[in-house]
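Residue-level structural notes
In case you want the letters, here they are:
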Amino acid sequence: MGLLLVAMLFPSLARADNPIVQTVYTADPAPLVHNGRVYLYTGHDEDGSTYFTMKEWRVWSSADMVNWTDHGSPMNVATFSWASADAWAGQTVHRNGKFYWYVPVKDRASGQMAIGVGVSASPTGPFTDAIGRPLVRNGEIDPTVFIDDSGQAYLYWGNPNLWYVRLNPDMISYSGSPAQIPLTTAGFGTRTGNTSRPTLYEEGPWVYKRNGLYYNVFAAKCCSEFIGYSTAPGPTGPWTYRGTVMPTQGSSFTNHAGVIDFNGGSYFFYHNGALPGGGGFTRSVAVEKFTYNADGTIPTITMTTAGAPQVGTLNPYVRQEAETIAWESGVETEPSSEGGMNVGFIENGDYVKVKGVAFGTGASSFTARVASGTSGGQIEVRLGSATGTLVGACTVPGTGGWQNWTSVTCPVSGATGTRDLFLRFTGGSGYLLNLDWWQFTPSGGSGGGNLLTNGTMEDGTAGWTSSGGALSSATDVTHGGSRSLLNSGRTAAWQGPHQNVTAQLTNGKSYTTSVWGRSQSGTPSAKATLALTANGTTNYLQLTPAGVVNANGWTRLTGTTTVSWTGTLTNASFYVETAAGTDGLYIDDASFQ
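Residues numbered from 1 in each chain as written. Predicted model: local features only at pLDDT ≥ 70, side-chain atom pairs only at ≥ 80, totals over all residues. Heavy atoms only, no water.

Describing the state of the cysteines
- Enumeration according to the criterion identifies two disulfides in this entry.
- Cysteine 222 shares a disulfide with cysteine 223; S-S distance 1.4 Å.
- For cysteine 222, a relative accessible area of 30% gives the class partly exposed.
- The connectivity of the disulfide-linked cysteines in the protein, indexed sequentially, is 1-2, 3-4. (Disulfide = S-S within 2.5 Å. Buried < 20%, exposed > 50% of the residue type's maximum accessible area, 1.4 Å probe, protein only.)

See the structure below:
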């Protein structure tokens, strides 16, 4: 096991949600808000580390700030052919339809730390080296990037100094030479006992703008560090020290901050050593919600085990990835042969917690995508805690391999309202099973469930048509299961996989859409749309925010929309489209409910 059985050894933590990742040690959080989700980019402290032994970066995402989906490691030291070690603290920003990940790594040729840039068309990668060499190299670390309202982007980094350059619009080159920001005591506070470091600034800058004021939140006064901050009227100063954000605490002698606004709230990310085996070299990322003071100052924030409150609820009637987790005990994650990640290394008594699951009037069954290289085990469906009310139990057979997937379904009774869901695993000794995804069926069948026929695409093209080009069942590229849909030969944006849902709609009702998309080539923008024809007039309702799809992985398009019309509805067509309209488009695992 990578980590100890957290809840067994530390039962008080089982009710908490901080740290937000428990399957591995994580450090140096860098959050990014994109298309209604928070993407969290972290480092990965290796188990048992006695130094900053870090070989890869990891990505997680959440729509509710408590259930975090593990997207694995889309970038590591080997991504940069010129680098030799040290996948340390970086940050990702979105611009020009791409995601740029600025990271410090050791330059093999000079032995110095340097700043590299990874690039991807997707927030979850994979990332490649954008320029094949360091963007900048002076032996210092901890890059952060800020794009001002004017469009000018700035790269800041440094320990023991604080540097910046003005990035060009391509985000992979800069104008002028690196410049130092003067580290004055007025700007960054006064440190005592170290004449070579007279200010509190240590490392880890995080620069952003709010209400016309520029903020620089940084790790202060090693060691042990606290988080302080300064403000300025401009992106390069002059800076004024404003005080402490997070005091020294948390069983780690370093700390590293990331600050975002999301869904009307403000959030402060940091790391500590709170997990079993945790410490200064085995850290864990956590998050707190906070409110700025009326004058724009940041209040003092204390580490908690409770973490941030949930934003909304989680829908159990659409496919949910098993690696979407609020808390777990004993399990780990690994890449799945069906795409994404799966939960694995499961032993008797292990569990996964998913917070705030909205069952509504009730669920009738539970389906799970599973595999087992042994004789399998059982998934207990429980509410409230790992020993809470048992509402269902699915038997998982041996499948002949840890990546030989099958689906199992079992009846459920008593799952109503909004509850915390615990999937508890039982069986014999050793590893029992792997879990890739799960989904509930609501009571009453399809009344609150998926309105799409053959949403998994496992029945070929059944239920689907295309308004242009050729529609075929694909087996070479799938998100889940053994088949997806491919719409090739498209010549217009609106040409895509279609399905008629006229008879299933209720006027004025809200519907949630989830569909996974992928391109044959290129990086087009895609979205799900509903065409509604009533009283002879056709209107087009966007069901999901547009998201970039690419040929290297799957992108989830998801959103909730109220569907309404005036008069008599004569046609309603659900379809997926791309902006260009000439791209070959794959879709898989679609739901509209």
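After presenting the structure, the write-up continues.
Topic: the sheet that holds strand β31 (residues 389-396)
- In space, the five strands of this open sheet follow the order β25-β28-β33-β30-β31, with antiparallel pairing throughout. At either end of the open sheet lies a strand with only one pairing partner, and these are β25 (327-329) and β31. Looking at each pair of strands side by side, their axes are set apart by 20 degrees on average, direction ignored.
- With seven bridges joining them, strand β30 (residues 377-383) and β31 adopt antiparallel strand pairing. Looking at β31, one finds that glutamate 380 is bridged to alanine 393. (Pairing = 2+ DSSP bridges. Helix = DSSP H or I, 4+ residues; strand = E, 2+ residues; numbered from the N terminus. Axes fitted to C-alpha atoms, helices over the stretch in contact; angles between N-to-C directions.)

Digging into the pairing of strand β45 (residues 585-592)
- Counted residue by residue, β45 has eight buried out of eight residues, so it is predominantly covered.
- With three bridges connecting them, strand β37 (residues 484-488) and β45 associate as antiparallel partners. Paired with asparagine 487 across the two strands is leucine 585, which belongs to β45.
- When strand β39 (residues 509-519) meets β45, the two strands line up antiparallel, connected through six bridges. Looking across to β45, one finds that serine 514 is bridged to serine 591.

A short note on the packing of aromatic side chains
- Taken as a whole and judged by the stated rule, the model has 36 aromatic pairs.
- Ring geometry for tyrosine 215 against tyrosine 229: centres 6.2 Å apart, planes inclined by 10 degrees, an arrangement best described as stacked. Within this pair, whereas tyrosine 215 is found in strand β17 (residues 213-220), its partner tyrosine 229 is found in strand β18 (residues 226-232), the two being separated by 14 residues in sequence. The residues tyrosine 215 and tyrosine 229 share a single accessibility class, namely buried.
- Every member of this aromatic cluster is reached through a ring pair, and the members are Tyr41, Trp57, Phe80, Trp82, Trp101 and Phe127.
- Between arginine 210 and the ring centre of tyrosine 292, over which it is positioned, the NZ or CZ distance is 3.7 Å. (Phe/Tyr/Trp six-rings, centres within 6.5 Å; stacked < 30°, edge-to-face > 60°. Lys NZ or Arg CZ within 6 Å of the ring centre and 35° of its normal.)

Quick notes on the layout of surface pockets
- Roughly 470 Å³ of internal volume is contained in the second largest pocket.
- What lines the second largest pocket is a set of 19 residues, and nearest its centre among them are Phe146, Trp206, Tyr208, Val259 and Ile260.
- Every element with two or more residues in the lining of the second largest pocket is listed here: β1 (25-34), β7 (91-95), β12 (144-147), β16 (201-210) and β20 (258-262).
- By residue class, the composition of the lining of the second largest pocket is 13 nonpolar, two polar and four charged. (1 Å grid on protein atoms, 1.4 Å probe; cavity = no way out; pocket = protein on both sides within 12 Å on 5 of 7 lines; lining within 4 Å. Points joined across faces, edges and corners; volume = space filled by probe spheres on them. Nonpolar A, V, L, I, M, F, W, Y, C, P; charged D, E, K, R; others polar.)

Focus: the confidence of the model for the protein
- Summarising the model, the protein shows a mean pLDDT of 93, and 96% of its residues fall at 70 or more.
- Counting contacts from residues 1-15, a segment whose pLDDT is below 50, to residues more than four positions away or on other chains yields 37 contacts. (pLDDT = per-residue confidence, 0-100. Contact = heavy atoms within 4.5 Å.)

Let's talk about the pairing of β37
- The element β37 is extensively covered by neighbouring structure, given that four of its five residues are classed as buried.
- Looking at chain direction, strand β36 (residues 470-474) and β37 are connected through five bridges and run antiparallel. Bridging from a neighbouring strand, leucine 471 pairs with asparagine 487 of β37.

Quick word on empty space enclosed by the protein
- Inspection of the entire model under this criterion finds four cavities of 30 Å³ or more.
- Empty space within the largest cavity amounts to approximately 80 Å³.
- In terms of lining, the largest cavity is formed by Ile20, Val21, Gln22, Thr23, Trp60, Trp68, Asp70, Glu323, Ile325, Glu328 and Thr333.
- Each residue belonging to the lining of the largest cavity can be placed in one class, and the counts come to five nonpolar, three polar and three charged.
- Considering only enclosed or pocket space, the second largest cavity measures out at about 40 Å³ in volume.
- Lining the second largest cavity, in full, are Ala89, Gly90, Gln91, Asp142, Pro143, Thr144, Gly204, Pro205, Trp206 and His256.
- The leading source of residues in the lining of the second largest cavity is β16, at three residues.
- For the lining of the second largest cavity, the class distribution of residues is four nonpolar, five polar and one charged.

Concerning the sheet that holds strand β19 (residues 240-246)
- As summarised here, the arrangement of the four strands in space is β16-β17-β18-β19, forming an open sheet in which the pairing is antiparallel. Both outer strands of the open sheet, β16 and β19, are each paired with one neighbouring strand and no more. Each strand of the sheet is rotated relative to its neighbour by a mean of 25 degrees, with strand direction disregarded.
- With seven bridges joining them, β17 and β18 adopt antiparallel strand pairing. Residue pairing across strands places tyrosine 215 opposite threonine 231, the latter belonging to β18.

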